[in-house]
2 protein chains.
Amino acid sequence: MLDLYHAEPAANSLKSLIAIKEKGVAFASHFVNLHEFEQHEPWFVQINPNGQVPALVHEGRVLTESTVINEYLDEAFAGPALRPADPYLRARMRIWTKFVDEYFCPALSFIAWHHMIHNITDKLTPSQFEAKIARIPLKEQQDKWRTAARQGYSREQLENWGRQVRTSIERMERQLRETPWLAGGEFSLADVSCFAMAAEMPRMSPNLMNATDTPRLMKWHAAMHERAGVQAALAMPNPVRATMEAGRSGMGNTLS
Amino acid sequence: MLDLYHAEPAANSLKSLIAIKEKGVAFASHFVNLHEFEQHEPWFVQINPNGQVPALVHEGRVLTESTVINEYLDEAFAGPALRPADPYLRARMRIWTKFVDEYFCPALSFIAWHHMIHNITDKLTPSQFEAKIARIPLKEQQDKWRTAARQGYSREQLENWGRQVRTSIERMERQLRETPWLAGGEFSLADVSCFAMAAEMPRMSPNLMNATDTPRLMKWHAAMHERAGVQAALAMPNPVRATMEAGRSGMGNTLS
């Protein structure tokens, strides 16, 4: 009785897909198509009133927030530990997952949003668009959609988010000079959180992640790709890949 | 061998002071005067390169981020449990601590900043001010200081943060209709995080927190005040209280 509602294997959905696959827990997968605004449909808002994926339902109890879900998966199920046993290293892990949630992910998300939103909204008439927006439960998300779709973000905002992404990458590279995994000697949810954001970067933003500038990060990225759980998560159905690719191809210019 | 570097018992410093007092762990207290910019002085940046309090040093190992510190205190030391044993309730607790970090605290912090910064900066000449700002490690913090001190925030920004504070209070009140503590039947770090933000509200923003509109929150607030750990944390030295009060007296207008 474990259900995961998630979008394509990218960003926060990828984060929880990797954790659940690494943990080796059986679950029912429910694809929520963000490109069709399914996360704001009444049936899903009944599950998560905030209208956001991923959401986990375990024995009828709903959990939201990918970072919280991932610690829950590790605490509630048997299987390989996804967190260091030592409290200090576990705290280091949480500093990373928090950093991703509050800094790395928002910066990357606004940039991706900026480049991808028109692939999603251009097929809608203005009144169709407004009807979609009106259903969004969180005001902050409504504002984000409206601003991105109507006026776009300013050059200054995009440059600032680009700088934050570069700062995030530098921070990871610096850590990986000290330890093979982000929270120390072992793979943990810190790696899951960071990889969920950086998975496509060597391919889509090779100016930022490459063997010359970020050799440790590239080695870590390859080690992540060798993990069975990561492979299984990335192999999850991705019906919106074409739209994603079209949007991402423009991201390299921003992240330069 | 446990050292806590903290400011006056308010906001994130109060958050870790309550946790450490509730846990009943002996520690050395180090007051860092934010009004004198001590958090950016070289001796402190050696401890926390981000130049932020609180910071915990345990057997020579440094931990930052009050939310992470609080879970660490619960994991590393014996004493009363500060987190539910049940993984689901623990996840509910983390959704609250995360909500405080990403939504409630930033909104409140920008408003407080707006009202208090001139009490801190007006005694500096422009060149003294610039010298202080230049030492701030995080660019985001530099920007925050400059914007607040020089131009202030716009009415629209302040109204938006005010709305977020009201939303946070409504969310707490709603939860407390269901359960006596925020994460369920027992006191937890969810209560610590929320109380650290709301401690002064019944007094400073009685229009937002009062017996008529938020009866459950007032009852919870009183129950928090009855706890020995909370009392001990609030009784920590507060050499900057006068400046804080002067700033806070203006907050009521924003939070109306």
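Read on for a plain summary of the structure. (Residues numbered from 1 in each chain as written. Chains lettered and ligands numbered in written order. Predicted model: local features only at pLDDT ≥ 70, side-chain atom pairs only at ≥ 80, totals over all residues. Heavy atoms only, no water.)

**Focus: the side chain of Ser-13 of chain A**
Relative to the assigned elements, Ser-13 of chain A resides in helix H1 (residues 11-23). Polar contacts involving the side chain of Ser-13 of chain A include one to the main-chain amide nitrogen of Ala-7 of chain A, which spans 2.9 Å. (Helix = DSSP H or I, 4+ residues; strand = E, 2+ residues; numbered from the N terminus. Polar contact = N/O pair within 3.5 Å; in protein donor to acceptor, adjacent residues only side chain to side chain.)

**Considerations on the relation of the copies chain B and chain A**
Mapping chain B onto chain A is achieved by rotating through 180° and translating by 0.0 Å along the same axis, at an RMSD of 0.0 Å. What the rotation and shift describe, once combined, is the action of a two-fold rotation axis. In terms of proximity to the rotation axis, the leading residue of chain B is Glu-102 of chain B, whose C-alpha is 3.5 Å off the axis. Most of the interface of chain B is mirrored in chain A: 100% of its interface residues are interface residues there too. (Least-squares fit on C-alpha atoms with pLDDT ≥ 70 in both. Contact = heavy atoms within 4.5 Å.)

**A word on the packing of helix H3 (residues 66-76) of chain A against helix H4 (residues 87-121) of chain B**
Contact pair H3 of chain A / H4 of chain B: the axes reach a minimum separation of 9 Å and the direction vectors enclose 160°. Our classification of the angle between H3 of chain A and H4 of chain B gives roughly antiparallel. Regarding H3 of chain A and H4 of chain B, the two cross each other, and that crossing is right-handed. Listed contacts from H4 of chain B to Thr-67, Val-68, Glu-71, Tyr-72, Glu-75 and Ala-76 of chain A of H3 of chain A are Pro-87, Tyr-88, Arg-90, Ala-91, Arg-94, Ile-95 and Lys-98 of chain B. Looking at the contact of H3 of chain A with H4 of chain B residue by residue, the class counts come to seven nonpolar, one polar and five charged. (Axes fitted to C-alpha atoms, helices over the stretch in contact; angles between N-to-C directions. Parallel < 35°, antiparallel > 145°, perpendicular 65-115°, else oblique. Left-handed = near helix turned anticlockwise from the far one by under 90°. Nonpolar A, V, L, I, M, F, W, Y, C, P; charged D, E, K, R; others polar.)

**Details of the interface of chain B and chain A**
Contacts between the two partners involve 29 residues from chain B and, on the opposite side, 29 residues from chain A. Summed over both sides, the interface of chain B with chain A buries roughly 2500 Å², with 58% coming from carbon and sulfur. Area buried by chain B at its contact with chain A is led by Tyr-88, Arg-94 and Lys-98 of chain B, which between them contribute 22% of it. With a shortest N-O distance of 3.0 Å, Arg-163 of chain A and Glu-140 of chain B are connected by a salt bridge. In this assembly, chain B and chain A are joined by 14 residue pairs in polar contact (both at pLDDT 80 or more). Of all the secondary-structure elements, those providing two or more residues to the side of chain B that touches chain A are strand E4 (61-64), helix H3 (66-76), H4, helix H6 (139-150) and helix H7 (155-178) of chain B. The element contributing the most residues to the side of chain B that touches chain A is H4 of chain B, with 11 residues. (Buried area = accessible area lost by both parts, 1.4 Å probe. Salt bridge = Lys/Arg side-chain N within 4 Å of Asp/Glu carboxyl O.)

**Looking at unusual backbone geometry**
In the segment running from Val-53 of chain A into Pro-54 of chain A, the intervening peptide bond is cis, with an omega of -5°. Along the chain, Pro-54 of chain A turns up in the loop between helix H2 (42-47) and strand E3 (55-58). Of note, Phe-37 of chain B is a non-glycine position whose phi angle comes to about 60°, a positive value. Mapping Phe-37 of chain B onto the fold places it in the loop between strand E2 (28-31) and helix H2 (42-47). When its relative accessible area of 1% is taken as the criterion, Phe-37 of chain B is described as buried. (Buried < 20%, exposed > 50% of the residue type's maximum accessible area, 1.4 Å probe, protein only.)

**What to know about the sheet that holds strand E1 (residues 2-6) of chain A**
All names here are of chain A. Spatially, the four strands line up as an open sheet ordered E2-E1-E3-E4, and their pairing is mixed. In this open sheet, the two strands that pair with only one neighbour each are strand E2 (28-31) and strand E4 (61-64). In this sheet, neighbouring strand axes are inclined to one another by 20° on average, regardless of whether the strands run parallel or antiparallel. Pairing of E3 with E4, which is carried by four bridges, proceeds in the antiparallel orientation. Bridging from a neighbouring strand, Val-57 pairs with Val-62 of E4. (Pairing = 2+ DSSP bridges.)

**Topic: the pattern of salt bridges**
The tally for this structure, following the rule as stated, stands at 40 salt bridges over all chains. We note a salt bridge from Glu-75 of chain A to Arg-83 of chain A, for which the minimum N-O separation is 3.1 Å.

**Describing a positive patch on the surface**
Residue and element names in this part refer to chain A. Among the surface-exposed residues, Arg-174, Arg-177, Arg-216 and Lys-219 lie close enough to one another that they form a single positively charged patch. Listed by contribution, the elements that provide at least two residues to the positive patch are helix H7 (155-178) and helix H10 (215-226). With respect to the helices, strands and loops of the structure, Arg-177 is situated in helix H7. (Patch = residues over 30% accessible without salt bridge, like charges linked within 9 Å, V, L, I, M, F, W, Y side chains within 5 Å. Areas by Shrake-Rupley, 256 points an atom, 1.4 Å probe, with all protein chains shown as cover. Lys, Arg positive; Asp, Glu negative; His and termini not counted. Charge placed at Lys NZ, Arg CZ, Asp CG, Glu CD.)

**A word on the side chain of Gln-164 of chain B**
When you line up the elements, Gln-164 of chain B lands in helix H7. In this structure the side chain of Gln-164 of chain B is engaged in a polar contact, spanning 2.8 Å, whose partner is the side chain of Glu-140 of chain A. Not counting the four nearest positions on each side in its chain, Gln-164 of chain B is found in contact with Glu-140 of chain A together with Tyr-103 and Ala-107 of chain B.

**Side note on the pairing of E3 of chain A**
All names here are of chain A. Neither face of E3 is left uncovered, since the one carrying Ala-55 and Val-57 and the one carrying Leu-56 and His-58 both have all their residues buried. Where E1 lies against E3, four bridges are found, and the strand directions are antiparallel. The residue bridging Tyr-5 from the neighbouring strand is Ala-55, located in E3. Taking the residues between adjacent antiparallel strands as the criterion, E3 and E4 are bridged by two residues, where Glu-59 takes a positive phi near 50°.

**Notes on the environment of Gln-231 of chain A**
Residues and elements named next belong to chain A. Along the chain, Gln-231 falls in helix H11 (residues 228-234). Under the relative-accessibility criterion, Gln-231 is labelled partly exposed at 43%. Once the C-alpha coordinates of Gln-231 and Thr-64 are considered, the two residues, 167 residues apart in sequence, prove to be 24 Å apart. Setting aside residues no more than four positions away along its own chain, Gln-231 makes contact with His-225 and Glu-226. At 2.8 Å, the side chain of Gln-231 and the backbone oxygen of His-225 are in polar contact.

**Considering the environment of Thr-167 of chain A**
Residues and elements named next belong to chain A. Looking at the secondary structure, you find Thr-167 in helix H7. Take Thr-167: its relative accessible area is 29%, and that puts it in the partly exposed class. Separated by 66 residues in the primary sequence, Thr-167 and Asp-101 place their C-alpha atoms 14 Å from one another.

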